[in-house]
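Remarks on the overall topology
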2 protein chains.
Amino acid sequence: MRTEQDAQRICQFRRHEHLAHKGEVQDKVYKLQEGWASRYCVLPDGRRQITALFLPGDYCEPQWLLSGKSDLPIVALTPVKAQTVPLAGIHAKPGDGVMKLLRGVLEAHDRQTSWIVSLGRKSAIERVTDLLAELFQRMRSHKQIVENCCTMPLTQQDIADVVGLTPVHVNRVLGDLRSRGLVRFSGKTLHLPKPEALGIPSLSQAEAAPGRDPAADRRILAA
Amino acid sequence: MRTEQDAQRICQFRRHEHLAHKGEVQDKVYKLQEGWASRYCVLPDGRRQITALFLPGDYCEPQWLLSGKSDLPIVALTPVKAQTVPLAGIHAKPGDGVMKLLRGVLEAHDRQTSWIVSLGRKSAIERVTDLLAELFQRMRSHKQIVENCCTMPLTQQDIADVVGLTPVHVNRVLGDLRSRGLVRFSGKTLHLPKPEALGIPSLSQAEAAPGRDPAADRRILAA
DNA sequence: CGCGGCATTGAACACCTTCAACAGCGGTGG
DNA sequence: CCACCGCTGTTGAAGGTGTTCAATGCCGCG
């Protein structure tokens with residue numbers, strides 16, 4: 001019965017179909033295998049903001065383990081194939097599974113912190129390059145980069161809803177980056193000729209401890 | 001020896017003094033008793049963004065339980081008195097302590113999500129009122145509201161660094177809110193004559209208990 | 001008293017939005 | 001097969017929101 005069990009644990013979603021609704025009780029999490037999804041929020045007057053992106057390999061949403069519900073909707077940005085991971089199973093046999101999810105929560109928390117900095121203090125160009133850089137690195141950590149290319153299924157409207165801009169301005173910013181030779185699009189695949197120019201560390205030096213900025217601290221301490 | 005033990009677990013910080021530095025290893029968390037603190041990020045060119053606020057009663061930072069380090073600095077915005085909670089003790093005797101911290105992580109995560117929406121899609125006036133409303137409600141949940149008044153130790157520069165605006169524009173926005181009778185400042189205390197006008201629910205309907213499964217919590221701890 | 005941090009106000013400017021129009025493209029139905 | 005439609009991307013022009021620069025007043029504190 002293994003094949004049948006596996007089949008039960010895989011589910012598919014069409015583009016714009018919801019993986020979760022607002023306030024819905026969740027007794028499972030998804031592990032994305034193909035396609036992208038997003039958590040979003042719509043204000044009463046229609047303004048929309050994407051607050052999280054889920055890529056293949058990501059858990060969606062790890063904090064459901066603790067909260068038991070999704071307080072914002074999750075929607076597929078592309079056709080999605082996902083594995084369902086029942087929380088009951090994780091609770092029954094705690095251990096590795098719990099830690100994986102908690103690590104997922106921490107990663108999401110760190111990404112959100114970075115986005116707050118981007119949205120609060122960075123220009124349109126910086127926000128877009130930050131997003132492309134983050135996605136490029138997440139794709140790379142899931143081994144989905146080939147020759148500085150990766151799939152980029154987001155529409156300009158999607159990007160706008162992530163970076164807090166209008167679609168037309170995202171278009172202009174992308175055009176600017178293109179004219180400067182920093183990005184190239186061919187259909188739904190993104191090519192970054194010089195990843196370092198976007199602040200993306202080369203693959204070898206994975207992560208090196210950044211070390212604090214003394215001038216920055218001095219500004220705070222100048223009391 | 002009780003008094004001596006207690007004394008060891010209380011520490012004080014002056015305004016602008018750091019509770020944690022960037023990348024520092026943490027073997028404890030703080031529980032704030034008096035005063036406010038903030039996590040912040042400074043860009044190379046000096047732009048500053050506050051990514052979290054810590055009020056009396058809050059844990060700072062609950063996720064250190066899982067990450068073991070602070071990747072952004074924490075600084076006191078006022079004189080701070082805090083209780084240190086060693087993580088070794090929590091790990092040694094898991095139970096209630098772990099869940100309190102994990103709940104703190106989830107609350108921080110939800111607040112960050114709301115701030116992404118604010119920073120991405122809301123106007124200056126909305127961002128400032130959102131902040132005042134959030135702080136008012138957090139103060140109220142810690143029983144620190146008297147007659148629609150609470151202490152508001154943030155300077156306009158601090159507020160600007162939270163809501164992603166310049167201090168002068170924050171000043172104009174506050175002046176606008178004041179002229180509309182929505183807020184009043186007397187020194188460092190904030191008075192909200194009509195909390196409902198800022199979207200703050202009245203005290204009675206405080207919170208409809210989110211309803212969590214204590215048994216589930218206990219299972220997680222076994223990990 | 002004098003100094004430094006904080007609040008306040010004005011004027012000019014920049015960045016991003018808004019509105020509008022159009023092109024390309026895939027899908028659907030006549 | 002082609003016409004039509006909707007979605008996505010692209011570009012221009014005008015306008016608004018928030019920034020920048022600068023000056024002034026206030027207040028607590030050494």
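What this report covers is the structure whose coordinates are included nearby. This is a predicted model, so every value here is computed, not measured.

**Structural notes on the pattern of salt bridges**
Inspection of the entire model under this criterion finds 20 salt bridges over all chains. Two residues, R121 of chain A and D161 of chain B, come together in a salt bridge whose shortest N-O distance is 2.8 Å. Highlighted residues: R121 of chain A in helix α4 (residues 96-121) and D161 of chain B in helix α6 (residues 156-163), drawn from two different chains. The same class applies to R121 of chain A and to D161 of chain B, which are both buried.

**Description of the side chain of S118 of chain B**
Relative to the helices and strands, S118 of chain B resides in helix α4 (residues 96-121). Apart from the residues lying within four places of it in its own chain, the contact partners of S118 of chain B are R127 and D130 of chain B.

**What about the nonpolar core?**
Counting 73 residues, the largest nonpolar core has L53, L131 and L154 of chain A together with L53, L131 and L154 of chain B as the members making the most contacts within it. Contact partners of L53 of chain B, with chain neighbours within four places excluded, come to A37, S38, D58, L77, L131, L135, R138, L154 and V162 of chain B. Counting 50 residues, the second-largest nonpolar core is a separate cluster that includes Y30, A52, Y59 and A76 of chain A.

**Let's talk about the sheet that holds strand β12 (residues 184-186) of chain B**
All names here are of chain B. Here we have three strands laid out as an open sheet, ordered β11-β13-β12, and antiparallel in their pairing. Two strands lie at the open edges of the sheet, namely β11 (149-151) and β12, each paired on one side alone. Neighbour-to-neighbour, the strand axes of the sheet open up by a mean angle of 25°, direction not taken into account. Here β12 pairs with strand β13 (residues 189-191) via three bridges, running antiparallel. Counted as the bridge partner of S186 is T189 from β13.

**Examining the interface of chain B and chain A**
Counting residues at the interface gives 49 residues for chain B, matched by 48 residues for chain A. Across the chain B/chain A interface, buried area totals approximately 4,300 Å², and carbon plus sulfur atoms make up 64% of it. Remark: the boundary between chain B and chain A carries four salt bridges. We note a salt bridge from R47 of chain A to E126 of chain B, for which the minimum N-O separation is 2.8 Å. For the pair chain B and chain A, the number of links is 18 residue pairs in polar contact (both at pLDDT 80 or more). Of all the secondary structure elements, the ones that give two or more residues to the side of chain B that touches chain A are β5 (37-42), β6 (48-54), α2 (64-67), α4, α6 and α8 (214-221) of chain B. The element that contributes the greatest number of residues to the side of chain B that touches chain A is α4 of chain B, accounting for 14 residues. Considered class by class, the residues forming the side of chain B that touches chain A number 22 nonpolar, 15 polar and twelve charged.

**A few points about the protein's contact with DNA strand C**
Around DNA strand C sit 16 residues, and of these A124, T166 and V168 of chain A together with R15 and Q156 of chain B come closest. Within 4 Å of the protein, the contacting atoms of DNA strand C are drawn from sugar and phosphate to the extent of 70%. A distance of 2.8 Å separates a phosphate oxygen of DNA strand C from a polar backbone atom of A124 of chain A. Here a base nitrogen of DNA strand C sits 3.1 Å away from a polar atom, N or O, in the side chain of R172 of chain B. Among the secondary structure elements, those contributing two or more residues to the surface near DNA strand C are α7 (167-179) of chain A together with α7 (167-179) of chain B. Looking at which element gives the most residues to the surface near DNA strand C, the answer is α7 of chain B, with four residues. Counted by class, the surface near DNA strand C contains five nonpolar, seven polar and four charged residues.

**Brief notes about the side chain of R48 of chain B**
One can find R48 of chain B in strand β6. Note on R48 of chain B: relative accessible area 7%, which makes it buried.

**Structural notes on the packing of α4 of chain A against helix α5 (residues 124-141) of chain A**
All names here are of chain A. Taken N-terminus to C-terminus, the directions of α4 and α5 make an angle of 160°; their axes are 10 Å apart at the nearest point. By the criterion of interaxial angle, the relationship of α4 to α5 is roughly antiparallel. Crossing of α4 against α5: the hand is right-handed. Between α4, through R111, W115, S118 and L119, and α5, the contact on the second element is made entirely by R127, D130, L131, E134 and R138. Residue classes in the contact of α4 with α5 are distributed as three nonpolar, one polar and five charged.

**Re the protein's contact with DNA strand D**
Neighbouring DNA strand D are 16 residues, the closest being R15 and Q156 of chain A together with A124, T166 and V168 of chain B. A breakdown of the atoms of DNA strand D within 4 Å of the protein gives sugar and phosphate a share of 64%. A distance of 2.7 Å separates a phosphate oxygen of DNA strand D from a polar side-chain atom of R15 of chain A. Side-chain polar atom of R172 of chain A to a base nitrogen of DNA strand D: 3.1 Å apart, as the coordinates give it. When residues of the surface near DNA strand D are traced back to their parent elements, those giving at least two are α7 of chain A together with α7 of chain B. If one sorts the elements of the surface near DNA strand D by residue count, α7 of chain A sits on top with four residues. Of the residues that constitute the surface near DNA strand D, the class distribution is four nonpolar, seven polar and five charged.

**Observations concerning the environment of K122 of chain B**
Residue position: K122 of chain B is located in the loop between α4 and α5 (124-141). Not counting the four nearest positions on each side in its chain, K122 of chain B is found in contact with L43 and R47 of chain A together with V117, R127 and D130 of chain B. At a separation of 2.8 Å, a polar atom in the side chain of K122 of chain B contacts the side chain of D130 of chain B.

**A look at unusual backbone geometry**
All names here are of chain A. Between C60 and E61 the backbone carries a cis peptide bond, its omega angle lying at -15°. Even without being a glycine, E147 presents a positive backbone phi close to 55°. Looking at E147, the relative accessible area reads 69%, which means it is exposed. Notably, N148 is not glycine yet its phi reads approximately 60°, a positive angle.

Rules and cut-offs
- Numbers given for residues are sequential positions, taken from 1 along each chain in its written order.
- Labels follow written order: the first chain is A, the first ligand is 1, and so on.
- With pLDDT at 70 or above as the cut-off, local features in this predicted model cover only qualifying residues; side-chain atom pairs require 80 or more to be listed or tallied, and sums for whole chains, interfaces and linings still use all residues.
- The side-chain numbers reported here are obtained from all heavy atoms of the structure, hydrogens and water having been left aside.
- In the sections that follow, a salt bridge refers to a side-chain nitrogen of Lys or Arg positioned within 4 Å of a carboxyl oxygen of Asp or Glu.
- Only DSSP runs of H or I reaching four residues or more are called helices, and only runs of E reaching two or more are called strands; each is numbered from the N terminus.
- Remark: exposure states derive from per-residue accessible area (1.4 Å probe, protein chains only) relative to the maximum for the residue type, with buried under 20%, exposed over 50%, and partly exposed in between.
- Here, residues are in contact when the closest pair of their heavy atoms is within 4.5 Å.
- Joining through side-chain atoms within 4.5 Å is the link that ties buried Ala, Val, Leu, Ile, Met, Phe, Trp, Tyr and Cys residues into a set, and such a set is a nonpolar core.
- Strands pair, by our definition, only if DSSP identifies at least two bridges between them.
- Note on geometry: axes are lines fitted to C-alpha atoms, helical ones only across the stretch in contact, with angles between N-to-C directions running from 0 to 180 degrees.
- By convention, the term buried area covers the 1.4 Å-probe accessible surface removed from two parts as they join, with the contributions of both added.
- The term polar contact refers here to a pair of N or O atoms within 3.5 Å; inside protein, the definition further demands a hydrogen-donor-capable atom paired with an acceptor-capable atom, and it admits residues adjacent in sequence only when both atoms are side-chain atoms.
- For this scheme, ten residues count as nonpolar: Ala, Val, Leu, Ile, Met, Phe, Trp, Tyr, Cys and Pro. Four count as charged, namely Asp, Glu, Lys and Arg, and the remainder, Gly too, count as polar.
- Nearness here has a simple test: a residue counts as near a molecule or strand if at least one of its heavy atoms is within 4 Å of that partner.
- Each angle receives one of four descriptions, namely roughly parallel if under 35 degrees, roughly antiparallel if over 145, roughly perpendicular if within 65 to 115, and oblique otherwise.
- Throughout, a crossing is termed right-handed when the near helix is turned clockwise from the far one, and left-handed when it is turned anticlockwise from it by less than a right angle.

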